[in-house]
Amino acid sequence: MNNKMRWRFKPFLYSFLGICTFTVLLLVFYAQAAYKRQVEEIIMTEKASKIVAKEYIHDSLAHVYSDLVYIHDILLDDFENSSTTKNSMLLKNLVSFSSRKAIYDQIRYLDAEGEEIIRINNTPQGGVIVEENLLQNKAHRYYFTNSINLEKGNIYISPMDLNMENKRLEVPYKPMLRFALPLIGSEDKRYGIIIFNYLANDLLVNLPKHHSQNSYCCRVLLNEEGFWLYSSVNHRLPFRFMFPEMEQITFLDHYPQAGKTIYSVDEGVVVTDRGIFIWNTIYPEQVTTEFSREPLSESSSDNTEYFWKNINMMDRSYLKEIRKGSYENTFRFLPLIVLGILLISLLINYLVSKNYHYKEHIEHLAHYDSLTGINNRVFFLDLAKKTLEISSRKKERSAVLFLDLDGFKPINDNYGHETGDYVLKIVAQRLSNRLRQSDLLGRFGGDEFVILLFDVKSKENLKEVLSQIERELEKDIESQSGHVQISGSIGYALFPENGESVEELIDYADRDMFKKKHMRKGS
C-alpha cells in the first residue's frame, strides 16, 4: 500500500477507534453509574422492608400482650369475687380461648409461691386442662422470679429460645417466648402471675411475608448475644445456642467488622469488604400497643440489654453478580436497565402502600367487630366511659341496654353458621338504623349486643325505644336458607340511678335481661 492510500485510511481508523473508545468509556461509566444506582435502590427497598418486618413483629407482640391483659382481667375479677381459683366456667373459658387462639403452647396461673394452679396445654385437638397431680412448682424458674415482684401493670417478656420439658429440648423444636404478668388485686394483694407460652414459630414462619423478595439478600434475626433466631438462608444456625455440644459461633464471629457497628447503633447501613448490611433493632419490652400507645412495661422501658437485631445483608459475591448484570444489560439490553429501575420503584411503592393498608387494617380490627362492623367490646367501653362523663357534666340521664338474641342457637344448628353470621349482620344493621347518631352500639360476643342511649328524657321514652327495637328484631329475615324468625331479650339500666360506671350499668342491665328472659321462658 502506497503512502497516499495510507494517509486516506488513517483518519477513518483514528475516528473509528476514537469513537469506539469514547463509546466504550461512556458505556463503562454508564454501567458503573447504573450499578451504583441499582445498589442504592436495593438499599432503599431493604430499608423499607426492615420497617415493615419490624412493625409486623411489634404488632404480633402487641396482640399477645392484649390477650394476656384480657385473661389477666378475667382471672383477677374471678379471684376478687370468688372463693375458689378453679371456677368451672373460668376453666371452660380458658380452654375455649386456648383452642381458638392456638398460638399459646401453655396458659398458666402460678400462685404467689410459684405453685401451678391452672395450666392449659395446647394440643392438636385444642386446649386441655392439665390434671392437678401433674402440676409443678415453678418458684425456681427465671420467668417466675423475674415477674412475681413486678409493679402492677408491668409485664415480663422472656428471651426467645426453644422450649424444654423435664430439662430436655421438646421435639419437634418449639421457638418460645414467655409473657408473664403479675396478678395484683385490691390493697396490693398478690395472687401470683399469669403466663403465656407464646409459640414464636408462628411469628418466625410469617416473617418472610413481610420482607422484600430480593433473592440476593440474606435476612436474619439475632438476639442480644449475636446468636441466630432466624435465617432465610442457613436453617442450621437458628437456636444453635440451645445445643452446647455444637460449636458456638455468633454473627460477630462471622462478620466482626460489620457486627461491631451493628451492635453499637440501633439502625443504619454499613458497607464492608464482606458486603452491605442494613439493620434495625427491636426491643420486645418496649413494644407499643395499638390500644394504649404505651410501652408494654414501664419498668423495663430503659432495658437495653434485651433486644433483637433485624438484619438484611448482601454478600460481596451477590454484589459482583449485580455488577456483572449491570454491565451485561448496559452493553446488550440498555432499555431493560430503565425498565429494571422502574420495576424497583414500583416495588418500593408497593411495599409502602402495603404497609399503610396493613396498619390501617390492624387499627380497624382493634376498634370494630370483624363480622358486623360495629364497635367491639374494648372500643365500646372506651367510648361509653367518655359519653357518661358528658352525661355527668350535663346532669343528663343515659341508659345502657343489654340485648341477647332468643332462639339464635337453633338457627346455627338448623341452617348453619353462615346463616347465623348473616342474621347477626342484619340485627346489627337494624339496631344501627334505629339509633341516633349520639347513641352507641357494640357487640360483646356471640349474640350479645350492648347499646348506650344518650340523653334519655324519661322512662316512657326509654320504653318506647325498647318496644321499637323489639318490633324491629321480630321482623322476618330473608336469607338463602329461607325465612328466619328471631327475637331478643333486653335488659336496661339507667344512669345514674342504677350505676355510675359503664361496668356497673352493663352488669345491672345484664341481670335485668336475664330476669326477663327467665320470666319469658317460665311463661
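Above this note sits the structure.
Residues numbered from 1 in each chain as written. Predicted model: local features only at pLDDT ≥ 70, side-chain atom pairs only at ≥ 80, totals over all residues. Heavy atoms only, no water.

Chemist: I'd like a description of the pattern of salt bridges, backed by residues and values.
Modeler: All chains considered together, the criterion is met by 20 salt bridges. In this structure, the salt-bridge partner of Asp 369 is Arg 443, at a minimum N-O distance of 3.1 Å. With Asp 369 in the loop between α8 (334-367) and α9 (377-394) and Arg 443 in strand β16 (residues 440-445), this pair connects stretches of sequence that are 74 residues apart. According to the relative accessible area criterion, Asp 369 is buried, its value standing at 13%. Arg 471 serves as the salt-bridge partner of Glu 464, at 3.7 Å between the closest nitrogen and oxygen. Since its relative accessible area comes to 38%, Glu 464 is described here as partly exposed. The exposure class assigned to Arg 471 is partly exposed, which follows from its relative accessible area of 47%. (Salt bridge = Lys/Arg side-chain N within 4 Å of Asp/Glu carboxyl O. Helix = DSSP H or I, 4+ residues; strand = E, 2+ residues; numbered from the N terminus. Buried < 20%, exposed > 50% of the residue type's maximum accessible area, 1.4 Å probe, protein only.)

Chemist: I'd like a description of a negative patch on the surface, backed by residues and values.
Modeler: Residues Asp 73, Asp 77, Glu 80, Glu 187 and Asp 188 make up a contiguous surface patch of negative charge. Within the fold, Glu 80 resides in helix α1 (residues 3-81). (Patch = residues over 30% accessible without salt bridge, like charges linked within 9 Å, V, L, I, M, F, W, Y side chains within 5 Å. Areas by Shrake-Rupley, 256 points an atom, 1.4 Å probe, with all protein chains shown as cover. Lys, Arg positive; Asp, Glu negative; His and termini not counted. Charge placed at Lys NZ, Arg CZ, Asp CG, Glu CD.)

Chemist: Quick one: what's the story with the pairing of strand β20 (residues 487-495), residue by residue and with numbers?
Modeler: By the criterion of burial, β20 is predominantly enclosed, with eight of the nine residues buried. For strand β15 (residues 398-406) and β20, the ladder comprises nine bridges, and the chain directions are antiparallel. Along β20, the bridge assignment pairs Phe 402 with Gly 491. (Pairing = 2+ DSSP bridges.)

Chemist: An account of the packing of aromatic side chains is requested, with residue identities and associated values reported.
Modeler: Taken as a whole, this structure holds 21 aromatic pairs when the rule is applied. With centroids separated by 6.1 Å and ring planes inclined at 10°, the aromatic side chains of Phe 97 and Tyr 104 adopt a geometry described as stacked. When its relative accessible area of 11% is taken as the criterion, Phe 97 is described as buried. A relative accessible area of 0% places Tyr 104 in the buried class. When the centroid spacing of 5.7 Å and the interplanar angle of 85° are considered together, the rings of Phe 380 and Phe 444 count as edge-to-face. Note that Phe 380 is positioned in helix α9 and Phe 444 in strand β16, a separation of 64 residues in sequence. Taken together, the aromatic side chains of Tyr 70, Phe 97, Tyr 104, Phe 179, Phe 196 and Tyr 198 make up a single cluster linked through ring pairs. Sitting above the plane of the Tyr 263 ring, Lys 309 keeps its charged end 5.7 Å from the centroid. (Phe/Tyr/Trp six-rings, centres within 6.5 Å; stacked < 30°, edge-to-face > 60°. Lys NZ or Arg CZ within 6 Å of the ring centre and 35° of its normal.)

Chemist: Which residues make up the packing of helix α11 (residues 417-434) against helix α12 (residues 459-474), and what are the values?
Modeler: Direction vectors running N to C along α11 and α12 enclose 150°, while the axes themselves pass 10 Å from each other. What the angle tells us is that α11 and α12 run roughly antiparallel. Pair α11 / α12 crosses with right-handed handedness. In this structure, α11 uses Val 427, Arg 430, Leu 431 and Arg 434 to contact α12, whose residues at the interface are Gln 468, Ile 469, Glu 472 and Leu 473. Looking at the contact of α11 with α12 residue by residue, the classes come out as four nonpolar, one polar and three charged. (Axes fitted to C-alpha atoms, helices over the stretch in contact; angles between N-to-C directions. Parallel < 35°, antiparallel > 145°, perpendicular 65-115°, else oblique. Left-handed = near helix turned anticlockwise from the far one by under 90°. Contact = heavy atoms within 4.5 Å. Nonpolar A, V, L, I, M, F, W, Y, C, P; charged D, E, K, R; others polar.)

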